[in-house]
Amino acid sequence: EGIRVDEQQEWDFEYVHQKTGEQRWFHNIAMGSEVNGKKKYILVLSDRTSDKKMNQALSEAVHAAETANRAKSTFLSNMSHDIRTPMNAIIGFSELLEKHMDEKERARDYIQKIRSSSSFLLSLINYVLEMARIESGKATLKREVGYFEELKEALNAVFEPAVSKKGLTYRCELQVEHEYVRCDRTKVREILLNVVSNSIKYTPEGGSVS
């Protein structure tokens, strides 16, 4: 009743259907007019429920896409960090191998460590290639037989250059009842890689990691 003659007002409003209890959204237009000297009102209600639901669906899709992009960026950032560690080990041992080619035992040791680090690097790259599976929620854990002693040697080889560079005292001991376990070997190595990598990263030069 506060609307003046020839004035128009618009607003959106949410209603609940009295029979179904469904929420519905309307865009309302109210106009004031004068007919035969009397003030009259024209009210137009436009049902925008389908538009509202479509906009909500689009908003949710955009949010899901943004979340997926953030997850992908985080994943790639973490994987690039993980990949860099065995890559540095391969480069470091390759340089040492070049310097000590004439020493058979030492050269054999470096070749074994390069092979171990390369195997680890390859398994990490394979996981990066499975990005589509991870995005679709179909990533699965592999059931493999893992040998902890082999895992320990692989970790020692990967981190030897970083330990030497910082002058750290590094000790890795196994205290497990069963040395052979069923696990996803790459994921277990990845977990331990992050733990040991952070230990080395945040231990000051000359310190110790065990």
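Keep in mind that this is a model prediction, so the values were computed, not measured.

> An account of the pairing of strand E2 (residues 23–35) is requested, with residue identities and associated values reported.
Bridge analysis of strand E1 (residues 8–16) against E2 gives 9 bridges, and the strand direction is antiparallel. When the sheet's bridge partners are listed, Gln 9 is paired in E2 with Ala 30. The antiparallel hairpin formed by E1 and E2 contains 6 residues in its connecting segment, where Gly 21 sits at a positive phi of about 75 degrees. When E2 meets strand E3 (residues 38–47), the two strands line up antiparallel, connected through 10 bridges. Note on E3: the bridge partner recorded for Val 35 is Lys 38. Between E2 and E3, which follow one another and run antiparallel, lie 2 residues, and Asn 36 among them has a positive phi close to 50 degrees.

> Pulling in residues and values, what's your account of the side chain of His 27?
One can find His 27 in strand E2. Side-chain polar atoms of His 27 contact the side chain of Glu 10, separated by 2.8 Å. There is a polar contact of 2.8 Å between the side chain of His 27 and the side chain of Asp 12. The contacts of His 27, once residues within four sequence positions are left out, are Glu 10, Trp 11, Asp 12, Val 44, Leu 45, Ser 46 and Arg 48.

> Explain the state of the cysteines residue by residue, including any values.
Scanning the model with the defined rule gives 0 disulfides in all. With no disulfide partner, Cys 172 has as its closest neighbouring cysteine sulfur the one in Cys 183, 15 Å distant. Classification of Cys 172 by relative accessible area gives partly exposed; the value is 26%. In this structure Cys 183 comes out as buried when scored by relative accessible area, which is 17%.

> Please provide a residue-by-residue account of the layout of surface pockets, values included.
In this structure, the largest pocket spans a volume of roughly 480 Å³. Forming the boundary of the largest pocket are 23 residues, of which Ser 116, Glu 150, Leu 151, Ala 154 and Arg 189 lie nearest the centre. It is helix H4 (residues 148–166) that provides the largest number of residues to the lining of the largest pocket, a total of 8 residues. Taken together, the residues that form the lining of the largest pocket break down as 8 nonpolar, 7 polar and 8 charged.

> Break down the nonpolar core for me, with residues and values.
One finds Phe 159 and Ile 200 to be the most contacted residues of the largest nonpolar core, which totals 15 residues. The leading source of residues in this core is H4, at 5 residues. Ignoring sequence-local partners within four residues, the contact set of Phe 159 consists of Thr 85, Leu 193, Val 196, Ser 197 and Ile 200. Listed in part, the 9 residues of the second largest apolar core include Tyr 110, Ile 114, Leu 121 and Ala 157.

Calculation criteria
- Residues numbered from 1 in each chain as written.
- Predicted model: local features only at pLDDT ≥ 70, side-chain atom pairs only at ≥ 80, totals over all residues.
- Heavy atoms only, no water.
- Pairing = 2+ DSSP bridges.
- Helix = DSSP H or I, 4+ residues; strand = E, 2+ residues; numbered from the N terminus.
- Polar contact = N/O pair within 3.5 Å; in protein donor to acceptor, adjacent residues only side chain to side chain.
- Contact = heavy atoms within 4.5 Å.
- Disulfide = S-S within 2.5 Å.
- Buried < 20%, exposed > 50% of the residue type's maximum accessible area, 1.4 Å probe, protein only.
- 1 Å grid on protein atoms, 1.4 Å probe; cavity = no way out; pocket = protein on both sides within 12 Å on 5 of 7 lines; lining within 4 Å.
- Points joined across faces, edges and corners; volume = space filled by probe spheres on them.
- Nonpolar A, V, L, I, M, F, W, Y, C, P; charged D, E, K, R; others polar.
- Core = buried A, V, L, I, M, F, W, Y, C linked by side-chain atoms within 4.5 Å.

Everything listed is a geometric property; what it means functionally is a separate question.
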